Amino acid sequence: MLRGRSLSVTSLGGLPRWEAGLPVENLLLFEVSWEVTNKVGGIYTVIQTKAKTTADEWGDNYFLIGPYFEHNMKTQVEQCEPVNDAVRRAMDTMNKHGCQVHFGRWLIEGSPYVVLFDIGYSAWNLDKWKGDLWEACSVGIPYHDQEANDMLIFGSLTAWFLKEVTDHADGRHVIVQFHEWQAGIGLILSRARKLPIATVFTTHATLLGRYLCAANIDFYNHLDKFNIDKEAGERQIYHRYCMERASVHCAHVFTTVSEITAIEAEHMLKRKPDVVTPNGLNVKKFSAVHEFQNLHAMYKARIQEFVRGHFYGHLDFDLEKTLFLFIAGRYEFSNKGADIFLESLSSCRFDLWMHKSDVTVVVFFIMPAKTNNFNVETLKGQAVRKQLWDTAHSVKEKFGKKLYDALLRGEIPDMNNILDRDDMTIMKRAIFSTQRRSPLAPPQSHRADDPQTAEQLYQRNAHSVKKLILHPEFLSSTSPLLPMDYEEFVRGCHLGVFPSYYEPWGYTPAECTVMGIPSVTTNLSGFGCFMQEHVADPTAYGIYIVDRRFCSPDDSCNQLTQFLYGFCKQSRRQRIIQRNRTERLSDLLDWRYLGRYYQHARHLTLSRAFPEKFHMEPTSPPTTEGFKYPRPPSVPPSPSGSQASSPQSSDAEGDDEDERYDEEEEAERDRLNIKSPFSLSHVPRGKKKQHGEYKN
């Protein structure tokens, strides 16, 4: 409970700042994570994108703590000497006692300071630190769990560093935010040693929740029925679970990234989160309003070039009437919803065939997996495409020269003589080179280490969706197959599909939204729940939310099929309108607005850690209750709503549609809505939602 009333918080420029009392200049803020300069998963994106907003707010009093890896240090960090005296003296003390502590600026937006610990250099302390952890919380770590041992070393170094900082803080109060169980040991030891710090623990997904969902268990329907200790023990992660749970209960403030994860954490970790802190992105706006539409057209053309090569010999469809859909994430078919996506694609293909649609759907699965080489057929396809392009270009040059000479002489050239026998032979050989032995293009762009997985996808591909490509590698602009970065690829696609069963937040649909690309998500993802709360009609803004929480698997699959089919029915103009609306939602995901939730958590932890010095007026977390993007009045809620049962041509437009749609009016209304101040006053919380639902 917050105490006193001498310090209040107000909203200034969209971000809460101190109004009275101790200024930010007299505070030190540390964030601790295993993913500082070390990309492992989504937490890296959270910290990297939030750094600029936090650094702008806290200046030189903001530090990130993470592990030292030589390659990451050389490529991502500019070494420098610490300006802050407490940090410098803490590093000197630890280095004198046999540690290696590195300092510098992380070369990302905001250039925050980073403190990096060399884990291997301090491994000789492992046995001693295992004893310290046992004395602090009676948790033992098995010798064979290398990851947990590394986390113990990292946490022990963190607690040691924080002790040295507080010893030389000169009256400055220290706030430390720990991300995930990997950083939790530092929190446990700091609290056991009674360090004068205010602590926040953020879980981005519960450890046991990930394991249970990966085992295809009916998770959300049995949240209150699991024997937590038994489940963790059977999966041999009991010691990790204990570390996570101890971290949660030791923290002054416990936060998580979404309402759906808050419900999960309350059952798995036995503590209700104090604040929900949604994940954001560092949104960049183009000076030209429609620049993102131009980028879509440019990158779509590059994807079309890849498709021409991949499907050489089977290019029996019109690329101008082809839609590019994709799913991206870890290679977890059930958790990421790839299973119901394939089923829905099969049904959607049947519906398109029944209505005699000329729309073709090409689907990309961007799911990194173990591979040993590129697929030879795929490489050959790109080589054949390039050869055809060179052949067409050479014939075009020859044709153009003859045409030019004839026109100079004032003659109309004889088309029967303008191409000679050699030209015809070259073109015929080019056509014959596109012949393929296999009845289908290869479903995967790489040779997988697990041929059974590739064969299973091939069988699904053959019987459901013929235009499917599995790309089991991170996208890169240096790839000889598809030379595009992930951002460029997303901008070139038409729809991102992420019907996840377990997705605590969901950065993939959020990234699509920021880039103006419609996406499919679910009400079991944090992003989907966030959009349901803040947008009156998400579908009209290009956010399709599948109900995987309260519907059966068949019903969820049917709903996804309807979304996909409705999207395929849209005309080209309707897709442009929808992308304009989707891009306008990016303001909701900007850290300049979502950063207020983290600020509230820090204010709350200060008042709990130092109640005699810090007092806040009793407030609820920042809320936008009562604020929603309105349903666009100028066109039907879904752009496909006004269409006939069969899809129209991509260039089809109606005069009545022109009269009903006023983009500038819609955009101005949305801009005014997002500028509405987020209330910091007390708002009664709604009824607790049920957690029971069908397993999808």
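Reading the values: the criteria
Residues numbered from 1 in each chain as written. Predicted model: local features only at pLDDT ≥ 70, side-chain atom pairs only at ≥ 80, totals over all residues. Heavy atoms only, no water. Pairing = 2+ DSSP bridges. Helix = DSSP H or I, 4+ residues; strand = E, 2+ residues; numbered from the N terminus. Contact = heavy atoms within 4.5 Å. Axes fitted to C-alpha atoms, helices over the stretch in contact; angles between N-to-C directions. Parallel < 35°, antiparallel > 145°, perpendicular 65-115°, else oblique. Left-handed = near helix turned anticlockwise from the far one by under 90°. Nonpolar A, V, L, I, M, F, W, Y, C, P; charged D, E, K, R; others polar. Buried < 20%, exposed > 50% of the residue type's maximum accessible area, 1.4 Å probe, protein only. Right-handed = clockwise from strand over helix to strand, strands pointing away. Expected span 1.5 Å × (residues − 1). Arc of directions from axis to C-beta. Salt bridge = Lys/Arg side-chain N within 4 Å of Asp/Glu carboxyl O. Core = buried A, V, L, I, M, F, W, Y, C linked by side-chain atoms within 4.5 Å. Domains from an automatic or database assignment. pLDDT = per-residue confidence, 0-100.

Re the sheet that holds strand S11 (residues 275–276)
At step 1: The nine strands lie next to each other as S5-S6-S7-S4-S3-S8-S9-S10-S11, forming an open sheet whose pairing is mixed. The open sheet has two edge strands, strand S5 (77–79) and S11, and neither has a second partner.
At step 2: Where strand S6 (residues 101–106) meets strand S7 (residues 113–117), five bridges bridge the pair, whose relative direction is antiparallel. Of the residues in S7, the one forming a bridge with Phe103 is Val115.
At step 3: Strands strand S9 (197–203) and strand S10 (253–256) of the sheet are contacted by helix H9 (residues 238–250), whose axis makes an angle of about 135° with S9.

What about the environment of Trp58?
At step 1: For Trp58, the location among the structural elements is in helix H1 (residues 42–58).
At step 2: Apart from residues lying up to four places away in sequence, Trp58 is in contact with Val24, Leu27, Leu29, Ile175, Gln599 and Arg602.

Topic: the packing of helix H11 (residues 291–310) against helix H20 (residues 572–584)
At step 1: Viewed as axis vectors pointing N to C, H11 and H20 meet at an angle of 125°, and their least axial separation amounts to 10 Å. Considered as vectors, H11 and H20 are oriented oblique to each other. Here H11 and H20 pass one another in a crossing that is right-handed. Along the contact surface, H11 presents Phe292, Gln293 and His296, while H20 presents Ile576, Arg579, Asn580 and Glu583.
At step 2: The residue makeup of the contact of H11 with H20, split by class, is two nonpolar, three polar and two charged.

Topic: the pairing of strand S12 (residues 322–328)
At step 1: In terms of burial, S12 is a largely internal element, seven of the seven residues being buried.
At step 2: Covered by surrounding structure in S12 are Thr322, Phe324, Phe326 and Ala328 together with Leu323, Leu325 and Ile327, the residues of both alternating faces.
At step 3: Strand direction decides the pairing type here: S12 and strand S13 (residues 360–366), joined by seven bridges, are parallel. Note that in S13 the partner of Ile327 across the bridge is Phe365.
At step 4: As for the winding sense of the linkage, the β-α-β connection from S12 through helix H12 (residues 338–354) to S13 is right-handed.
At step 5: By the bridge criterion, two bridges tie S12 to strand S17 (residues 495–497) in an arrangement that is parallel.

Focus: the sheet that holds S17
At step 1: Ordered by their spatial adjacency, six strands build an open sheet running S16-S13-S12-S17-S18-S19, and the pairing between neighbours is parallel. Every interior strand has two partners, whereas the edge strands, strand S16 (468–471) and strand S19 (543–546), have only one. On average, each strand axis in the sheet is tilted by 25° relative to the strand beside it, whichever way the strands run.
At step 2: Where S17 meets strand S18 (residues 519–522), two bridges bridge the pair, whose relative direction is parallel. Among the inter-strand pairings, Gly496 is bridged to a residue of S18, identified as Ser519.
At step 3: Against the sheet, helix H19 (residues 553–569) touches S12, S13, S17, S18 and S19, its axis set at about 160° to S19.

Overview of helix H4 (residues 126–137)
At step 1: Under the 1.5 Å per step criterion, the end-to-end length of H4 is 17 Å for twelve residues, consistent within 8% with the ideal 16 Å.
At step 2: Taken as a whole, H4 has its buried residues at Leu126, Trp129, Lys130 and Leu133. Down the axis of H4, the smallest arc covering the buried residues is 110°, so these residues share one side. Structural note: H4 exposes Asp127, Lys128 and Glu135 on the side pointing more than 90 degrees away from its buried face.
At step 3: The inward-facing, buried residues of H4 contact helix H5 (146–167) and helix H6 (184–192).

Structural notes on the pattern of salt bridges
Where side chains of opposite charge bring their charged atoms close, a pairing between them can arise.
At step 1: The tally for this structure, following the rule as stated, stands at 29 salt bridges.
At step 2: One salt bridge in this structure joins Arg602 and Glu31, with 3.7 Å as the shortest N-O distance. Within this pair, whereas Arg602 is found in helix H21 (residues 591–609), its partner Glu31 is found in strand S3 (residues 27–32), the two being separated by 571 residues in sequence. You'll find Arg602 and Glu31 in the same group, each marked buried.
At step 3: Asp167 is the partner of Lys163 in a salt bridge, and the nearest nitrogen-oxygen pair spans 2.9 Å.

Some words on the nonpolar core
At step 1: Core analysis: the biggest nonpolar cluster contains 71 residues, and Phe30, Ile65, Phe117, Phe161, Leu162, Phe219 and Met268 have the highest contact counts within it.
At step 2: Both domains that meet at this core, namely domain 1 (27–276) and domain 2 (290–375 + 440–588), each give it at least three residues.
At step 3: If we skip the residues at most four places from it in the chain, Ile65 touches Phe30, Glu31, Val32, Ser33, Val36, Val115, Phe117, Phe154, Thr158, Phe161 and Leu162.
At step 4: With 54 residues, the next largest nonpolar core counts Ile303, Val497, Met515 and Tyr565 among its residues.

So, the side chain of Ser190
At step 1: Along the chain, the position of Ser190 falls in helix H6.
At step 2: For Ser190, a relative accessible area of 0% puts it in the buried group.
At step 3: Residues within four places of Ser190 in sequence aside, it is in contact with Ala159, Leu162, Leu195 and Ile197.

A look at the environment of Lys284
At step 1: In this fold, Lys284 is placed in the loop between S11 and H11.
At step 2: Between the C-alpha atom of Lys284 and that of Asp590, which follows or precedes it by 306 residues, the distance is 8.9 Å.

Description of unusual backbone geometry
Residues other than glycine predominantly adopt negative phi, and peptide bonds predominantly adopt the trans conformation.
At step 1: Positive phi is not limited to glycine here, since Asp170 has a value of about 55°.
At step 2: Mapping Asp170 onto the fold places it in the loop between H5 and strand S8 (173–179).
At step 3: Using a relative accessible area of 68% as the deciding quantity, one classes Asp170 as exposed.
At step 4: Backbone geometry places Lys356, a non-glycine residue, at a positive phi of 55°.
At step 5: Mapping Lys356 onto the fold places it in the loop between H12 and S13.

Details of the confidence of the model for the protein
At step 1: In this model, the protein carries a mean pLDDT of 82, and residues with pLDDT of at least 70 account for 79%.
At step 2: Confidence drops under pLDDT 50 across residues 1–22; counting only partners more than four residues distant or on other chains, this segment forms 60 contacts.
At step 3: Note on residues 639–659: pLDDT is under 50 here. Beyond four places in sequence and across chains, it has 39 contacts.

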